[in-house]
Amino acid sequence: MSQSGTLQLAMDNNGATPQSTPPMHPELLMAACHGWHGQLTSLLNGEDHQAVPIEHRRPSNLDADASQAAVFVEIDIHRSNMMSPPLPTTTTSLLLQGVTSDGDSALHVVAAAGDDDRHLRSAMVIYSKARHLLEARNKRRSTPLHVAVRAGNVDMLALLICLAGEEEGGEDRRRALLRMENGVGETALHEAVRGDDMRAVAVLMTADPCLARVPDAGVSPLYLAVVLRRYAIVRDLHARDNQLSYAGPAGQNALHAAVLQSKGLHDSDGRTFVHVAAKKKRYSIVAYACQTPALSTILNKQDNEGNTALHLAVEVGDWWIFARLFANKQVDLNLPNNNKQTPLELAVNTIPTGLYCLLNSRILIQETLIAANATRGVFRRDANMQEYSPQSDAENEEKGSAIVSNSTQFLSVGLVLITTMAFGATFALPGGYIADDHPHGGTPTLARVKQFQGFMMANTLAFFCSSLAVLSLVFAGTPTVELPMRYMHYNISIWLSLNAVGSLAIAFAIAVYILITPVAAKTSLAVIVVILSIGILHSPSVTEKFTVLLLVLCIRPGILPLLRSSISKVMFLMCWPLIVIFGWQELSSRYR
């Protein structure tokens with residue numbers, strides 16, 4: 001049989017070793033184990049056909065051969081070429097077709113045997129005669145990379161990776177080699193994780209930054225690292241690739257493993273990963289924990305200060321994380337921390353004094369807890385309150401006064417503009433006026449049109465609300481007025497400003513409808529849609545906040561408690577212009 005035919009028998013399509021593969025020559029095995037690269041060269045080149053007794057071949061004799069070999073290896077996986085002589089392109093030696101009882105090739109043997117210069121040179125000698133052995137598999141379907149990592153031979157691992165990338169198309173070959181899986185679906189990176197070998201992890205991830213994403217299904221390196229509590233490797237893998245795989249067996253992932261394999265998943269402050277995610281405002285992690293039943297037991301865990309994840313979400317004022325926790329009915333809303341503060345108590349104490357605006361996330365959090373009938377703790381404003389209000393009352397008043405004064409300047413400019421527009425629209429009505437020589441001369445042409453009544457009411461409300469808001473801002477911005485009164489007028493001006501803007505937008509939409517619909521109904525509809533879309537897109541966070549607010553309140557306390565809460569009153573104060581405008585439009589058309 002020809003040499004190529006013998007080679008075909010030696011290796012199957014997947015690189016596995018069939019039963020007919022011959023056993024490895026004992027001299028070759030001995031030389032590979034000890035790193036006798038001079039003897040390996042002699043055996044593979046066929047220069048010494050007379051078998052010399054193995055006991056007479058000592059490392060001292062082979063060291064002389066090594067001194068004559070002009071082989072130098074520079075291990076650097078960041079370089080595309082090795083600083084070594086060109087590898088010969090001779091046909092594969094028949095000796096290298098043999099394997100051990102475990103199916104290991106000669107390259108497997110030398111990769112597992114050592115990490116010194118002798119073994120590195122031996123690996124180069126073997127590779128020069130049989131380059132296909134780099135992808136060879138033993139009976140466990142492990143490659144030489146697997147066994148090198150398992151043995152902790154990091155320099156050998158780096159050499160094998162470099163050899164894979166030397167030839168044409170080397171990058172693809174190296175990537176394919178690194179991603180080869182053994183019989184249990186694990187890459188060499190899994191072996192590095194099992195061995196807690198940070199050096200091997202660094203070499204493998206540098207050679208293939210996306211290696212932690214393999215395999216697509218099964219146990220990912222990250223999951224394995226979490227299960228084995230290799231937390232330094234976990235941090236390193238995540239730092240190198242933030243899109244790595246979290247997958248684990250049976251539909252689990254790394255978060256499951258983090259909870260199930262850890263006694264508390266607590267840090268030095270007693271915080272779980274949900275605490276940390278809430279504190280760092282990592283919504284996706286909190287959302288995953290809330291929707292995973294296996295993690296429900298840690299949602300109410302308290303840290304060393306007695307705070308749950310809900311306490312921390314309230315403390316940082318993150319509406320989205322709070323809403324996600326609040327919507328989960330297993331989250332307790334009334335657990336007190338070590339200061340006897342419930343989440344509601346904490347929410348009340350973290351709101352800026354005197355200022356109230358439902359658009360503020362902290363206000364939303366407070367009102368949502370109140371609507372859910374959450375309880376307040378027995379916390380009192382004593383010396384402990386310094387944790388939340390370290391400044392004196394005088395300093396707080398001075399700061400609050402400065403905030404109000406600065407805010408009124410910007411807000412008043414917009415309100416004056418709205419007032420001017422509403423005033424001008426009153427005398428530049430859509431459709432114009434009836435000529436003086438006609439009945440009711442000088443009156444609006446469209447006065448009897450139903451929608452015109454709605455336009456007039458909307459324009460009137462815009463003028464009325466903006467004018468009152470400007471007046472409230474005058475009081476709010478006057479330093480001689482006592483601070484509580486200034487806070488009250490500032491809050492009123494915010495409420496009236498929103499009503500004025502909404503009324504003006506409705507007036508504009510109705511005017512467009514009146515003028516264009518009779519001749520171009522589609523155009524008028526398109527204009528109205530554009531107006532509404534711009535209004536929503538201009539402040540998407542406001543729209544999202546109110547939408548989420550209604551959803552979580554319907555999920556947790558229900559519709560009836562929502563209607564009885566202050567939230568419904570606030571929503572009415574926000575929407576009353578709509579009721580007045582369209583209510584008057586219908587009423588005036590029926591009773592003329």
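Draft legend 1. The packing of aromatic side chains, seen in detail. Tallied over the entire structure, the rule returns three aromatic pairs. Between Trp319 and Phe322, the ring centres sit 5.9 Å apart and the planes meet at 35°, which makes this aromatic pair tilted. With Trp319 and Phe322 both in helix α18 (residues 319-327), this residue pair falls three residues apart, about one helical turn. Classification of Phe322 as buried rests on a relative accessible area of 0%. Cluster of aromatic residues (ring-pair linked, three or more members): Trp319, Phe322 and Phe326. The positively charged end of Arg556 is found above the aromatic ring belonging to Phe326, 5.6 Å away from the centroid.

Draft legend 2. Examining the environment of Phe326 more closely. Along the polypeptide, Phe326 turns up in helix α18. When the C-alpha atoms of Phe326 and Val552 are compared, they prove to be 7.1 Å apart, with 226 residues separating the residues in sequence. Beyond its immediate chain neighbours, meaning those up to four positions away, Phe326 contacts Leu333, Thr368, Leu369, Ala372, Val552, Leu553, Arg556 and Pro557.

Draft legend 3. Focus on the environment of Thr517. Topologically, Thr517 is positioned in the loop between α23 (483-516) and α24 (521-538). Leave out the neighbours within four places in its chain, and Thr517 touches Val512 and Ser524.

Draft legend 4. Layout of the packing of helix α17 (residues 309-316) against α18. Packing of α17 against α18 leaves a shortest axis separation of 8 Å and a crossing angle of 150°. What the angle tells us is that α17 and α18 run roughly antiparallel. Remark: the crossing between α17 and α18 carries left-handed chirality. Taken together, the residues of α18 that come into contact with α17 (itself represented by Ala309, Leu310, Ala313 and Val314) are Ile321, Phe322 and Leu325.

Conventions used here
Residues numbered from 1 in each chain as written. Predicted model: local features only at pLDDT ≥ 70, side-chain atom pairs only at ≥ 80, totals over all residues. Heavy atoms only, no water. Phe/Tyr/Trp six-rings, centres within 6.5 Å; stacked < 30°, edge-to-face > 60°. Helix = DSSP H or I, 4+ residues; strand = E, 2+ residues; numbered from the N terminus. Buried < 20%, exposed > 50% of the residue type's maximum accessible area, 1.4 Å probe, protein only. Lys NZ or Arg CZ within 6 Å of the ring centre and 35° of its normal. Contact = heavy atoms within 4.5 Å. Axes fitted to C-alpha atoms, helices over the stretch in contact; angles between N-to-C directions. Parallel < 35°, antiparallel > 145°, perpendicular 65-115°, else oblique. Left-handed = near helix turned anticlockwise from the far one by under 90°.

Keep in mind these numbers describe shape, not what the thing actually does.
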